[in-house]
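# Breakdown of the fold
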Number of protein chains: 2
Amino acid sequence: VPKIVHHHERRRQLAQAACRLVGAGGLEALTTRAVAREAGWSTGVLAHYFNSRDDLVAAAFRLVAEDVGSRMRSKLADEPDPAPRLWITLSEAAPLDETRRMEATVWFTFLGLGAGDDALRTEAASRYAVWLRLVEDALVALGRSPGDAAVEARRLIAFVDGLTVQALFDGSTWPAEELERELRWLVERAQAAAP
Amino acid sequence: VPKIVHHHERRRQLAQAACRLVGAGGLEALTTRAVAREAGWSTGVLAHYFNSRDDLVAAAFRLVAEDVGSRMRSKLADEPDPAPRLWITLSEAAPLDETRRMEATVWFTFLGLGAGDDALRTEAASRYAVWLRLVEDALVALGRSPGDAAVEARRLIAFVDGLTVQALFDGSTWPAEELERELRWLVERAQAAAP
């Protein structure tokens, strides 16, 4: 067991290094050599944990999705009120601080890459499905019918994704505080629409 | 003059070939060799028109932005009514048919790449600014105040971008007809909000 844990932990550290590189310098910054250097190991060690650059890309994508998802779930576990719960499901995925900005950059960089890669696309679709479910649950808790919540959750996710894309790639138009204001407006609107 | 036109037209054809490749197979499909083959020329000819793969990437990105922009402007020129004008500014950027799907794939693929590339980022920001202006004008024509229109146009663009990302990377959840329905809903909502 310790050996498996160790293997898992190493893969995680290497995937984290890959995320930092992509977050800072985009996809072009992601080379096996740079990842090994960033993680403080040799490319030989990296080859022991990842068969290829594609394998590393998939691991980095999954890592970001898992980090965001587990942060949402842990915050939701501490928050009983429905409106703040909706806020958590939307704001944890948006680039409101350095960590989330890095995560969002990695996410959209890999989504772009996923255009030609069925495995990444499937991974992305399943992550979006999990997120959708969390937003839906928050809307139902706010008093929406399940049917209403399903339609609205898809809209909210599309809107948060779109705001994120704007904030990442045209940053001058969406500084973090304005992005936050917009997300708060979404939550208030959802609250106001509750019966 | 004929020589310049010819040079421009060749670059355009090569950039179109690059777009078709990225639209079908993602960024990984974009190699100078593949572009030359797709366009029916040798890599030697390609090297005469583009200094590097980056140069080609920038040209392909710009080509998509110009095609979408000129299609919007040409349709707007034939449409006097404000609500259909808003529809044009939103729907021409969304993946509602094969052409627009290819364009959107290219756009978001290159945006992802742009995370590490200041020139692409600047290009993207200036394209978004042009689009924003067209949407704002359509909202003002619908009777919104300039201040309102500025806020709402940014929201609409973010929403269309987010829907597009969902439709491209999690296609099962947003088939074209549903995407279209959602865009029509946005236009109706904007009309209803008009004084």
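The present account deals with the structure reproduced in this document. (Residues numbered from 1 in each chain as written. Chains lettered and ligands numbered in written order. Predicted model: local features only at pLDDT ≥ 70, side-chain atom pairs only at ≥ 80, totals over all residues. Heavy atoms only, no water.)

Turning next to the environment of glutamate 188 of chain A. Within the secondary structure, glutamate 188 of chain A is located in helix 9 (residues 176-193). For glutamate 188 of chain A and alanine 83 of chain A, which are 105 residues apart along the polypeptide, the C-alpha to C-alpha distance reads 7.9 Å. (Helix = DSSP H or I, 4+ residues; strand = E, 2+ residues; numbered from the N terminus.)

Attention now moves to the interface of chain B and chain A. With 37 residues of chain B at the contact, the number on the chain A side is 37 residues. Of the roughly 3100 Å² buried between chain B and chain A, counting both surfaces, carbon and sulfur atoms make up 57%. Together, Arg154, Arg155 and Phe169 of chain B form the three largest contributors to the area buried by chain B at its contact with chain A, with a combined 22%. At the boundary of chain B with chain A, the tally comes to four salt bridges. Note that arginine 154 of chain B and glutamate 178 of chain A form a salt bridge whose closest N and O atoms lie 2.5 Å from each other. Taken together, the connections running from chain B to chain A amount to eight residue pairs in polar contact (both at pLDDT 80 or more). Sorting the residues of the side of chain B that touches chain A by element identifies helix 6 (98-114), helix 7 (118-141), helix 8 (146-169) and helix 9 (176-193) of chain B as the ones contributing at least two each. (Contact = heavy atoms within 4.5 Å. Buried area = accessible area lost by both parts, 1.4 Å probe. Salt bridge = Lys/Arg side-chain N within 4 Å of Asp/Glu carboxyl O. Polar contact = N/O pair within 3.5 Å; in protein donor to acceptor, adjacent residues only side chain to side chain.)

As a further point, take the environment of phenylalanine 50 of chain B. Residues and elements named next belong to chain B. Along the chain, the position of phenylalanine 50 falls in the loop between helix 3 (43-49) and helix 4 (53-77). Owing to a relative accessible area of 2%, phenylalanine 50 belongs among the buried residues under this scheme. Between the C-alpha atom of phenylalanine 50 and that of proline 95, which follows or precedes it by 45 residues, the distance is 29 Å. What phenylalanine 50 contacts, discounting residues up to four positions off in sequence, is Arg11, Leu14, Asp55, Leu56 and Ala59. (Buried < 20%, exposed > 50% of the residue type's maximum accessible area, 1.4 Å probe, protein only.)

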